[in-house]
Amino acid sequence: MSTRLESLRDALLAQFGERIRTATLELGELTLEVGAADYHAIALELRDSAEFPFEQLIDLCGVDYSSHATRSSGPRFAVVAHLMSVQSNLRLRLRTLVEDDDFPVVASVNDVWPSVNWFEREAFDLFGIMFSGHGDLRRLLTDYGFVGHPFRKDFPISGHVEMRYDPEQKRVIYQPVSIAPREVTPRVVREENYGDVGHG
């Protein structure tokens, strides 16, 4: 285990104290879990830290823990940010669990790291996680009229509606999905003499 990561963990535990719910060192990676109420403030302090400044946000994603093996109770959704300290050459994963499963909302960190703009829009589009204070929270990958959030574990595989061009109406229309569910079984195709030993 990296002594630099251990030093970072100890320094962050000393700086943030009880605001850190867990600080996990596994597989050479450090993950801090913080409460949703502290998420924005801790993100700002991480960026402006004198000792370990995390100047760069590399990635942010949503997570749906609804069918996770270790989740017996607790929040369904989480936001995970991957940070990098260029000055210290260290990486950190910052995770916060979003409290309300029906309407998940967490503070945007767009004012902390402007590069997070599209990542938060993607998490909103695909998971339905709202980022308060974002300023331009629109769908990014699905169509404007799309219903639902396709990366949620309870989203149907074939979706709710399908989109197609109607030549009679001369426009794109939406209609209920007309794909019948089917079981896909792989088909094995082999040459006629497959496995023959002799060619005598």
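Before any of the text, the structure's been laid out above.
Below is a short write-up of the structure. (Residues numbered from 1 in each chain as written. Predicted model: local features only at pLDDT ≥ 70, side-chain atom pairs only at ≥ 80, totals over all residues. Heavy atoms only, no water.)

Let's talk about the pattern of salt bridges
- Considering all chains together, one arrives at 11 salt bridges under this definition.
- Its salt-bridge partner being Arg9, residue Asp10 comes within 3.5 Å of it at the nearest N-O pair.
- The class for Asp10 is partly exposed, based on a relative accessible area of 43%.
- Two residues, Arg21 and Glu99, come together in a salt bridge whose shortest N-O distance is 3.9 Å. With a gap of 78 residues between them, Arg21 in strand E1 (residues 20-26) and Glu99 in the loop between strand E5 (90-98) and strand E6 (105-107) connect regions that are remote in the sequence.
- With relative accessibility at 47%, the residue Arg21 sits in the partly exposed group.
- Each of Asp64, Arg76 and Asp154 takes part in salt bridges that share partners, so that together they form one network. (Salt bridge = Lys/Arg side-chain N within 4 Å of Asp/Glu carboxyl O. Buried < 20%, exposed > 50% of the residue type's maximum accessible area, 1.4 Å probe, protein only. Helix = DSSP H or I, 4+ residues; strand = E, 2+ residues; numbered from the N terminus.)

Things to note about the packing of helix H1 (residues 3-16) against helix H2 (residues 39-48)
- As a packed pair, H1 and H2 sit with axes 12 Å apart at the nearest point and diverge in direction by 125 degrees. The orientation of H1 with respect to H2, classified from their angle, is oblique. Classified by chirality, the crossing of H2 by H1 is right-handed. Residues Leu12, Gln15 and Phe16 of H1 touch H2, and the partners they reach there are Ile42, Glu45 and Leu46.
- Split by residue class, the contact of H1 with H2 holds four nonpolar, one polar and one charged. (Axes fitted to C-alpha atoms, helices over the stretch in contact; angles between N-to-C directions. Parallel < 35°, antiparallel > 145°, perpendicular 65-115°, else oblique. Left-handed = near helix turned anticlockwise from the far one by under 90°. Contact = heavy atoms within 4.5 Å. Nonpolar A, V, L, I, M, F, W, Y, C, P; charged D, E, K, R; others polar.)

Some details on the packing of aromatic side chains
- The final tally for this structure, using the stated rule, is one aromatic pair.
- Ring centres of Phe127 and Phe151 lie 5.7 Å apart, and the angle between their planes is 85 degrees; this geometry places the pair in the edge-to-face category. Here Phe151 lies in the loop between strand E7 (130-132) and strand E8 (161-166) and Phe127 lies in helix H3 (residues 117-127), a separation of 24 residues in the sequence.
- By relative accessible area, Phe151 is classed as partly exposed at 49%.
- Above the plane of the ring of Trp118 lies Arg121, whose end atom (NZ or CZ) is 5.7 Å from the centre. (Phe/Tyr/Trp six-rings, centres within 6.5 Å; stacked < 30°, edge-to-face > 60°. Lys NZ or Arg CZ within 6 Å of the ring centre and 35° of its normal.)

Read these as geometric descriptors, not functional statements.
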